[in-house]
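# Notes for the structure review
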Amino acid sequence: VCWEFKQRPRRSEAEVRALLSSAIYTTCVGTDLLFENEYCRAWDFYLPPGGGDAGEPHHHVLDYAFVYVAKGRLLGSHHDRSP
């Protein structure tokens, strides 16, 4: 998978740190943080079939894109567990 960034990041490192530190829930949105620089944070995200715990919410404070490399279905919910 290749990504091309067409512009500089819209937030400074200080702004990103402030967003991450002000999150209500954990900002760990995947299984493992694989890579991080001023442009992106790449996460590995693995759940076995039927896995995941809706009782452990996480907080997306930055923009995200998902790349699926295997067949599957991901169901999400809001912090109040509504779909």
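For the structure given in this document, a descriptive report is provided here. Bear in mind the structure is a predicted one, so any value in this text is a computation, not a measurement.

Sheet analysis places strand β1 (residues 32–36) next to strand β2 (residues 41–44), joined by four bridges and oriented antiparallel. Across the sheet, residue Leu33 finds its bridge partner in β2, namely Trp43. The loop that links β1 with its antiparallel partner β2 comprises four residues.

This part is about the state of the cysteines. Tallied over the entire structure, the rule returns zero disulfides. Here Cys2 is not cross-linked by a disulfide; its sulfur's nearest cysteine counterpart is in Cys40, at 12 Å. Left unpaired, Cys28 is separated from the closest cysteine sulfur, that of Cys40, by 16 Å. Note on Cys28: relative accessible area 46%, which makes it partly exposed.

Before going further, it helps to examine the environment of Ile24. One can find Ile24 in the loop between α1 (13–21) and β1. In this structure Ile24 comes out as exposed when scored by relative accessible area, which is 66%. Sequence separation between Ile24 and Val61 is 37 residues, and the spatial gap between their C-alpha atoms is 9.6 Å.

As a further point, take the pattern of salt bridges. A complete count under the given rule lists four salt bridges for this structure. Put simply, Glu38 and Arg8 hold a salt bridge, and the shortest N to O gap is 2.7 Å. Taken together, the residues Glu38 in the loop between β1 and β2 and Arg8 in the segment before α1 connect sequence positions 30 residues apart. Between Asp63 and Arg10 there is a salt bridge, with the nearest N and O atoms lying 2.2 Å from each other. With Asp63 in the segment after β2 and Arg10 in the segment before α1, this pair connects stretches of sequence that are 53 residues apart. Given a relative accessible area of 56%, Asp63 falls into the exposed group. With a relative accessible area of 57%, Arg10 lands in the exposed category.

Reading the values: the criteria
Residues numbered from 1 in each chain as written. Predicted model: local features only at pLDDT ≥ 70, side-chain atom pairs only at ≥ 80, totals over all residues. Heavy atoms only, no water. Pairing = 2+ DSSP bridges. Helix = DSSP H or I, 4+ residues; strand = E, 2+ residues; numbered from the N terminus. Disulfide = S-S within 2.5 Å. Buried < 20%, exposed > 50% of the residue type's maximum accessible area, 1.4 Å probe, protein only. Salt bridge = Lys/Arg side-chain N within 4 Å of Asp/Glu carboxyl O.

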